[in-house]
Amino acid sequence: MFASLLASLLIGFPPAAPERPVECLLPADPDYYRVELVTTRKVPGARLATGHGAVTYAASPFGVSISPEGSYRMNIDIQVGNVRLDGDKELVAWVTTPNLDQIERFGALDVDGRVSGQTDFNKFLLVVTLEPKGGQPGPMWTGPVVVRGMSRSGLMHTMAGHGPFETEPCAVYGY
Amino acid sequence: MMTSNRLRLLVALLLAAPVASAQDGMDHSMHMHHDMPMSDSLVWRMVPMEGMTMPMMPEMMDDVPEVGAFLPGFGMDAAMLPEARPSEIIDMADGDTLRMDASFVRRTIAGKEYVMMAYGGMYPGPLIRADRGSKVVVEFTNNIDMATTVHWHGLRLDNAFDGIPGLTQAPILSGETFTYELKFPDTGMYWYHPHMREDVQQDLGLYGNMLVDPTEEDYYAPVNREVPLILDDILIDANGILPYGEEAPTHALMGRFGNVMLVNGITDYNLDVQAGEVVRFYLTNVANTRTFNVVFGGARIKVIAGDVSKYEREQFVESVVIAPAERYIVDVHFDEARTFEITNSIQGIDHFRGTFVPEVRTLGTVTASGKTDTDLATAFREERQNADTKADIDAFRRYFDHNLRLTIETNGLHPLTMRMMEVDTLYFPPIEWNEGMPMMNWLSTGDEARWTLLDEDTGKKSMEINWDWKVGDVVKIRIFNDPKSFHPMNHPFHVHGQRFVVTHIDGVENRNMAWKDTAIIPVGSTVDILVDVTNPGKWMAHCHIAEHLHAGMMLGFTVRGAGDAPEVGR
């Protein structure tokens, strides 16, 4: 007994496994902040497109990744399916603020319909557009929007300008 | 029902705007202590509403929390109390004894005097400095007018000295003494604070650090100086410190945010250094609920260690995110002669307008002048790989045992608070950086909001839970902060007497771990932690937002030593 214990210590075995079996009852990923991508139904071959953006924190020693300005820094893994493309076109993903004053290109989706990027916009839209294959990337998309979706934070809406809380013109806030 | 509620809300809100600006300083004396003359009695007054845009509802204007107003030291003449001194370092050798009390003191904050509390007459309390592996004794005497205990946060000490009333010791009544035996098995920065009504006692100044020095050479990279920084906030208006709830804490929903920021107990912290110095800051967040995002005015920051150990590898960061009770050790390079502002830089939320509001509050300054003779910039630029930490963690990378959901139950919250919260549900931020709804938060007490730890495996809640572990176990806990609960909020989750690593957040592997005793659980996230079960006894784990702890957000676990029989009812 002592010898086996000594041996296991010497070769660095991990501690004994717990008696109960592994069982995951809770979700592993943050459904709450997931961005559903909805088709515009305007692009031939992509009218039934589906997709989502999985939103997780960028790597950080603090668990949550925060910019020096206090914004969340998130990794976004985009996946789009149900799209049939012509050979000279490709899908390109973008992230932008709700009023489109800042736009960043994540890049072209791969053959599995995936691409990843990072953003620290407080509220953001994910946009996937149909672009000429191999074209020079510009500051903004030029092709039609295939699917788009809004961050959970983008759903946060003014109480000042709508419904029972209406006290100010909502246009002040851009929506 | 829906229509009538909505109509009521509409009427209330339409009437609300004109009175929104007239609330500060409002006297609610008619609601409390009717039989006492105003000048001698403590009465509720409206919480400060600085920068708030949310209109208040007339129906709530005269409401006060459903508990008595309470402020220790109320009525004492501050001039008759000893003036608190800045913290001093107490170097303790193995076997040394420190006699320390908690007492009322006179403190000056931003030019005004207050009756507050102090350990050893100091703010923060004395910094106990000892070598790893040593043991010391603290003979603690309670000289305040409330029962108290001292929790030695993060230490893997003997269970009898963990400072938990009713679990490891009886409350220390006013005038009584309790002898704590501390041991320091892990290098790093730790802290001590009360574990009875810490929403009151800790907020009034009862906190201090313990710095455990390494015994190994070259454990850390060289630096020019070491500086402890304790971050805090306190809620003060023109009439003084806002009263606390007597029978239960107020601010049970979001915790008690302060409106005055404190670094090492003062509002005008400044550190003078020479240009080119690398300063090692030992950061501790002792605020009741506020999470800080600390920026050092553009100086480069390198994270060295978390609560209980170094990281597997040092890492440059742009800011330090630190939740209540967490500690981080960071090296900061002040590479030029100028003033560097230490700020808390956040994106608060304006719930009324549905917008993010950038907020930068100055916590202190570092003034760099001249030029250091000892240039450590080269060592600073290196991100050291810590093979000792990596090896220490290597054996603990699997296992799964408990599923814990963080949620809240309500009972008798103000109906308008309930409705406002139900309306404002489109987005809950991962971290509540600011207090978006001060009055509704203030009105909520621990009697009406029950924060809950729900064991998904057994259905048991909070202190019904008593997990049964044994020394040598490695326990994986999956913690899910339910975004669909009534009021989801981030929770700093603290495990007593053991250490843990965060292995995954939202299914993403953590590739740079450090041993921790407290970790942020953001809203909507699932955080997997691995607990290294080494320390026998009856322990607690809980949310370290003081008001949430008192609103029930805690559980128990027993660690059996070799040969101990398992407890019934696992």
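Residues numbered from 1 in each chain as written. Chains lettered and ligands numbered in written order. Predicted model: local features only at pLDDT ≥ 70, side-chain atom pairs only at ≥ 80, totals over all residues. Heavy atoms only, no water.

Within chain B one finds eight helices and 37 strands. Nonlocal contacts in chain B, meaning residues at least 24 apart in sequence, comprise 80% of its contacts between residues at least 6 apart. Accessible area of chain B: about 19,500 Å², with a carbon and sulfur share of 51%. (Helix = DSSP H or I, 4+ residues; strand = E, 2+ residues; numbered from the N terminus. Contact = heavy atoms within 4.5 Å. Areas by Shrake-Rupley, 256 points an atom, 1.4 Å probe, with all protein chains shown as cover.)

Within chain A one finds one helix and eight strands. For chain A, the N- to C-terminal ordering of α and β elements is α-β-β-β-β-β-β-β-β. Every one of the 175 residues in chain A was classed for burial, and the buried ones make up 45%. Across chain A, the fraction of contacts at a sequence separation of at least 24, relative to all contacts at a separation of at least 6, is 57%. (Buried < 20%, exposed > 50% of the residue type's maximum accessible area, 1.4 Å probe, protein only.)

Before going further, it helps to examine the pairing of strand 7 (residues 125-132) of chain A. Residue and element names in this part refer to chain A. Most of strand 7 sits out of view: seven of its eight residues are buried. Sheet topology places strand 4 (residues 89-96) next to strand 7; eight bridges connect them, and they run antiparallel. When the sheet's bridge partners are listed, Ala 93 is paired in strand 7 with Val 128. In the sheet, strand 7 pairs with strand 8 (residues 145-150) via five bridges, with the strands oriented antiparallel. Paired with Thr 129 across the two strands is Val 145, which belongs to strand 8. (Pairing = 2+ DSSP bridges.)

Before going further, it helps to spend a moment on the pattern of salt bridges. Residues and elements named next belong to chain B. All told, the structure shown has 39 salt bridges over all chains when counted by the stated rule. Of the charged contacts, one joins Arg 197 and Asp 199 as a salt bridge, the two residues approaching to 2.8 Å between their closest N and O atoms. A residue is classified by how much of its surface remains accessible, and Asp 199, at 2% relative accessible area, is buried. Connected via shared salt-bridge partners are Arg 156, Asp 186, Asp 392, Arg 499 and Asp 532. (Salt bridge = Lys/Arg side-chain N within 4 Å of Asp/Glu carboxyl O.)

Time to look at the nonpolar core. Formed by 184 residues in total, the largest nonpolar core has its most connected members in Trp 152, Phe 281, Phe 296 and Phe 334 of chain B. Not counting residues within four places of it along the chain, the set of residues in contact with Trp 152 of chain B comprises Met 100, Ile 128, Val 138, Leu 157, Phe 161, Asp 162, Tyr 180, Leu 182, Trp 191, Tyr 192 and Met 210 of chain B. (Core = buried A, V, L, I, M, F, W, Y, C linked by side-chain atoms within 4.5 Å.)

Time to look at the sheet that holds strand 31 (residues 491-495) of chain B. Residue and element names in this part refer to chain B. The mixed open sheet is built from five strands, whose spatial order is 29-37-36-31-34. Each end of this open sheet is capped by a strand with a single partner; those strands are strand 29 (466-470) and strand 34 (518-521). Looking at each pair of strands side by side, their axes are set apart by 25° on average, direction ignored. With five bridges joining them, strand 29 and strand 37 (residues 554-560) adopt parallel strand pairing. When the sheet's bridge partners are listed, Trp 467 is paired in strand 37 with Phe 557. (Axes fitted to C-alpha atoms, helices over the stretch in contact; angles between N-to-C directions.)

Quick look at the pairing of strand 5 (residues 103-108) of chain A now. Each regular strand shows side chains that alternate between the opposite faces of the sheet. Residues and elements named next belong to chain A. Note: strand 4 against strand 5, five bridges, orientation antiparallel. Counted as the bridge partner of Trp 94 is Arg 105 from strand 5. Turn length for the strand 4-strand 5 hairpin, with the two strands adjacent in sequence and antiparallel, is six residues, and the turn residue Leu 100 shows positive phi of about 60°.

Residue and element names in this part refer to chain B. A cis geometry characterises the amide bond from Tyr 123 onward to Pro 124, with omega recorded as -20°. By the secondary structure assignment, Pro 124 is in the loop between strand 6 (122-123) and strand 7 (125-131). The residue Arg 197 is not glycine, and still its phi comes out positive at about 40°. Relative to the assigned elements, Arg 197 resides in the loop between strand 11 (188-194) and helix 3 (198-201). For Ser 462, which is not glycine, the phi dihedral falls at a positive 45°.

Here we take up the environment of Arg 99 of chain B. Residues and elements named next belong to chain B. Relative to the helices and strands, Arg 99 resides in strand 4 (residues 97-109). A residue is classified by how much of its surface remains accessible, and Arg 99, at 64% relative accessible area, is exposed. One polar contact links Arg 99 to Glu 139, side chain to side chain, over a distance of 3.2 Å. (Polar contact = N/O pair within 3.5 Å; in protein donor to acceptor, adjacent residues only side chain to side chain.)

The next thing to look at is the environment of Glu 247 of chain B. Residues and elements named next belong to chain B. Examined against the element boundaries, Glu 247 turns out to sit in the loop between strand 16 (244-245) and strand 17 (260-263). Along the chain, Glu 247 and Asp 447 lie 200 residues apart, while their C-alpha atoms are 8.9 Å from each other. Ignoring any residue separated from it by four or fewer positions in sequence, one finds Glu 247 in contact with Val 67, Gly 68 and Arg 197. At a separation of 2.8 Å, a polar atom in the side chain of Glu 247 contacts the main-chain amide nitrogen of Gly 68.

With that out of the way, let us pick up the sheet that holds strand 13 (residues 225-234) of chain B. All names here are of chain B. Across the sheet, which stays open at both edges, the six strands sit in the order 17-13-19-24-21-22 with mixed pairing between neighbours. Across the chains shown, the open sheet's two edge strands, defined by having one partner strand only, are strand 17 and strand 22 (310-317). Each strand of the sheet is rotated relative to its neighbour by a mean of 25°, with strand direction disregarded.

With that out of the way, let us pick up the packing of aromatic side chains. Residue and element names in this part refer to chain B. Evaluated as defined, the whole model comprises 18 aromatic pairs over all chains. Lys 310 extends its terminal NZ or CZ atom over the ring of Tyr 219, reaching a point 3.9 Å from the ring centre. Directly above the aromatic system of Trp 515 lies the positively charged group of Arg 499, at a separation of 3.8 Å from the ring centroid. (Phe/Tyr/Trp six-rings, centres within 6.5 Å; stacked < 30°, edge-to-face > 60°. Lys NZ or Arg CZ within 6 Å of the ring centre and 35° of its normal.)

Residue and element names in this part refer to chain B. Note that Val 273 resides in strand 18 (residues 269-274). For Val 273, a relative accessible area of 3% corresponds to the buried category. Residues Val 273 and Gly 370 lie 97 residues apart in sequence; the distance between their C-alpha atoms is 8.5 Å. Not counting residues up to four positions away in its chain, the partners in contact with Val 273 are Arg 225, Val 279, Phe 334, Val 366, Thr 367, Ala 368 and Ser 369.

Attention now moves to the confidence of the model for chain B. Confidence in the prediction of chain B, expressed as mean pLDDT, is 89, and 89% of residues score 70 or more. Note that residues 1-39 of chain B has pLDDT below 50 and, in this model, 65 contacts with residues that lie over four places away or in other chains. (pLDDT = per-residue confidence, 0-100.)

A separate point is the side chain of Ser 345 of chain B. Residues and elements named next belong to chain B. By secondary structure assignment, the location of Ser 345 is in strand 25 (residues 339-350). On the basis of relative accessible area, Ser 345 is assigned to the buried category, the value being 5%. Among the polar contacts made by the side chain of Ser 345, one reaches the side chain of Thr 343 at a distance of 3.1 Å.

Residue and element names in this part refer to chain B. For Arg 107, the position within the fold is in strand 4. Reaching out from Arg 107, the side chain makes a polar contact with the backbone oxygen of Gly 265 at a distance of 3.0 Å. In contact with Arg 107, not counting residues within four places along its chain, are Ala 84, Lys 112, Glu 113, Tyr 114, Met 116, Tyr 123, Gly 205, Leu 262 and Gly 265.

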